[in-house]
Amino acid sequence: MIGDFIYKYYVGPIVNGEAYTIVDTLTYALILILSVYLVYRWLERTGISIDRDFILAVIPYVVLGGTLRVVEDTGIIPYPWYILLITPVIFFAIFFYAIIVLIISRTLESKGIIRRYTQGFAAGGIIAVIASLIPLVWYGITQSEIHISVMVIILAMAFASSAAVWLVIRYVFKWDFASDILYKLLIFGHLLDASATSFGIDLHEMAYVEQHVVGSALIDATGTAFSMFGLKLVVVIPAIYILEMYRKEGNKALWHLIILAMIMVGMAPGIRDMVRMILYV
């Protein structure tokens, strides 16, 4: 019975690429929360400062998560190796790679080879992103198509909507703290996700679908994927306010990791969806 339950809600969806259910969605949310806390404790013990520079250095790894998922989507990775690139396994794969790069970067800093370990850490993520794009470009040229116009449209939607939201919360709500680059990345990441989802379902030539439970239910109820913008704003704007209240009174290091987690759950799927649509995967 337990084995059947695990296969139905966890193993089956991973292997077969099925849509998320309420069970695995809640499970992965709990895993994310636990992971943030465990990473926080580990970084605290190692003496690594969890600050703005550290979070910005992690952003390339968030992008890497999105591009590697598309590598799996293309089907060019054989069984069983492609399982390493499926959620949630991919998070652990990228985490271990990031830890290795982080340790190497700290060592290089201690030897005076680089000025700050965050530089080497960020470079490791950027190099990995570039490497992940090589098979995608090859796939687009040899087996599919590469539509740069799709990228331009989605990014234009994301930048325009992000700018509009930021201007409202900065100058209408008078939230001066919204000028923090991390809040800007949080807004952009989630509105990139909304832009990619709405374009893919309502405007793209291929028939894309929303796999997440809440988003799928909202789209079915409203009849349009553009309703995702409303869902994102209902979540992101109050979250920014709550995060700022926590930053003033709580643990600054944990605040940085929480906002990183929130950026990740918006930006990574947004990157993945956009790249898929560029390649018509």
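Residues numbered from 1 in each chain as written. Predicted model: local features only at pLDDT ≥ 70, side-chain atom pairs only at ≥ 80, totals over all residues. Heavy atoms only, no water.

- Under an unreviewed UniProt entry, the name given to the protein chain is DUF63 family protein, and the source organism is Methanoplanus limicola DSM 2279.

### With respect to the overall build of the protein chain
In step 1: Along its length, the protein chain carries 10 helices and 0 strands.
In step 2: The helix and strand sequence of the protein chain, counted from the amino end, reads α-α-α-α-α-α-α-α-α-α.
In step 3: Relative to the 2.2 N^0.38 estimate, which gives 19 Å for 281 residues, the radius of gyration of the protein chain is 19 Å and therefore close to what a compact globule would have.
In step 4: With the C-alpha coordinates aligned to their principal axes, the bounding extent of the protein chain is approximately 50 × 50 × 45 Å. (Helix = DSSP H or I, 4+ residues; strand = E, 2+ residues; numbered from the N terminus. Rg over C-alpha atoms; globule rule 2.2 N^0.38 Å.)

### With respect to the UniProt feature "transmembrane region" (unreviewed entry) in the protein chain
In step 1: According to UniProt, the "transmembrane region" (unreviewed entry) feature falls on residues 20–42, 54–71, 83–108, 120–141, 147–169, 181–201, 221–241 and 253–271.
In step 2: Segment residues 54–71 splits into 100% helix and 0% strand. End C-alpha atoms: 27 Å apart. (UniProt positions renumbered as here; feature names shortened; annotations may be inferred.)

### Overview of the domain arrangement of the protein chain
In step 1: Each assigned domain of the protein chain is listed with its residue range as follows: domain 1 (1–47), domain 2 (51–144) and domain 3 (146–280).
In step 2: Counting each side, the surface lost to burial between domain 2 and domain 3 is near 1,700 Å², with a carbon and sulfur contribution of 78%.
In step 3: Of all residues in domain 2, R52, I55 and V62 bury the most surface against domain 3, accounting for 32% of the area lost on that side.
In step 4: Its salt-bridge partner being R276, residue D73 comes within 3.7 Å of it at the nearest N-O pair.
In step 5: Taken together, the connections running from domain 2 to domain 3 amount to 4 residue pairs in polar contact (both at pLDDT 80 or more).
In step 6: At the level of secondary structure, the elements contributing two or more residues to the side of domain 2 that touches domain 3 comprise α3 (52–73) and α5 (117–142).
In step 7: The leading source of residues in the side of domain 2 that touches domain 3 is α3, at 13 residues.
In step 8: In terms of residue class, the side of domain 2 that touches domain 3 is built from 11 nonpolar, 4 polar and 4 charged. (Domains from an automatic or database assignment. Buried area = accessible area lost by both parts, 1.4 Å probe. Salt bridge = Lys/Arg side-chain N within 4 Å of Asp/Glu carboxyl O. Polar contact = N/O pair within 3.5 Å; in protein donor to acceptor, adjacent residues only side chain to side chain. Nonpolar A, V, L, I, M, F, W, Y, C, P; charged D, E, K, R; others polar.)

### Section: unusual backbone geometry
In step 1: Of note in the backbone geometry, K174 takes a positive phi value of approximately 65° without being a glycine.
In step 2: Within the secondary structure, K174 is located in the loop between α6 (148–172) and α7 (181–202).
In step 3: Despite not being glycine, Y280 has its phi angle at roughly 60°, a positive value.
In step 4: By secondary structure assignment, the location of Y280 is in the segment after α10 (252–279).

### Considering the environment of L254
In step 1: Relative to the helices and strands, L254 resides in helix α10.
In step 2: Residue classification places L254 among the buried residues on the basis of a relative accessible area of 17%.
In step 3: It is 9.3 Å that separates the C-alpha atoms of L254 and R41, two residues lying 213 residues apart in sequence.
In step 4: Not counting residues up to four positions away in its chain, the partners in contact with L254 are V36, Y40 and Y246. (Buried < 20%, exposed > 50% of the residue type's maximum accessible area, 1.4 Å probe, protein only. Contact = heavy atoms within 4.5 Å.)

### Some thoughts on the side chain of R69
In step 1: Here R69 shows up in helix α3.
In step 2: One polar contact links the side chain of R69 to the main-chain carbonyl oxygen of L85, over a distance of 3.0 Å.
In step 3: In contact with R69, not counting residues within four places along its chain, are L85, I86, T87, I90 and R272.

### Examining the pattern of salt bridges
In step 1: Taken as a whole and assessed by the stated rule, the structure comprises 9 salt bridges.
In step 2: Residues participating in the shared-partner salt-bridge network are R52, D180, E244 and R247.

### With respect to α7
In step 1: Taking 1.5 Å of rise per residue, the 22 residues of α7 would be expected to cover 32 Å, and the 31 Å separating its terminal C-alpha atoms lies within 8% of that figure.
In step 2: With 18 of 22 residues buried, α7 lies mostly within the body of the structure.
In step 3: By the N-cap criterion, in which a side-chain oxygen at the helix start approaches the backbone nitrogen of a residue two or three places on, α7 is capped by D180, the distance to L182 being 2.9 Å. (Expected span 1.5 Å × (residues − 1).)

### Notes on the packing of α3 against α5
In step 1: Relative to each other, α3 and α5 sit at 15°, their axes nearing to 8 Å. In terms of their interaxial angle, α3 and α5 are classed as roughly parallel. Helix-helix and strand crossings are classified by hand; for α3 and α5 the assignment is left-handed.
In step 2: The class makeup of the residues in the contact of α3 with α5 is 19 nonpolar, 5 polar and 1 charged. (Axes fitted to C-alpha atoms, helices over the stretch in contact; angles between N-to-C directions. Parallel < 35°, antiparallel > 145°, perpendicular 65-115°, else oblique. Left-handed = near helix turned anticlockwise from the far one by under 90°.)

### Describing helix α4 (residues 89–110)
In step 1: In this model, α4 (22 residues) spans 32 Å end to end at C-alpha, consistent with the 32 Å of a helix rising 1.5 Å per residue.
In step 2: Among the residues making up α4, those that are buried are I90, I94, A98, I99, V101, L102 and S105.
In step 3: Just beyond α4, the residue with positive phi is G112, at close to 80°.

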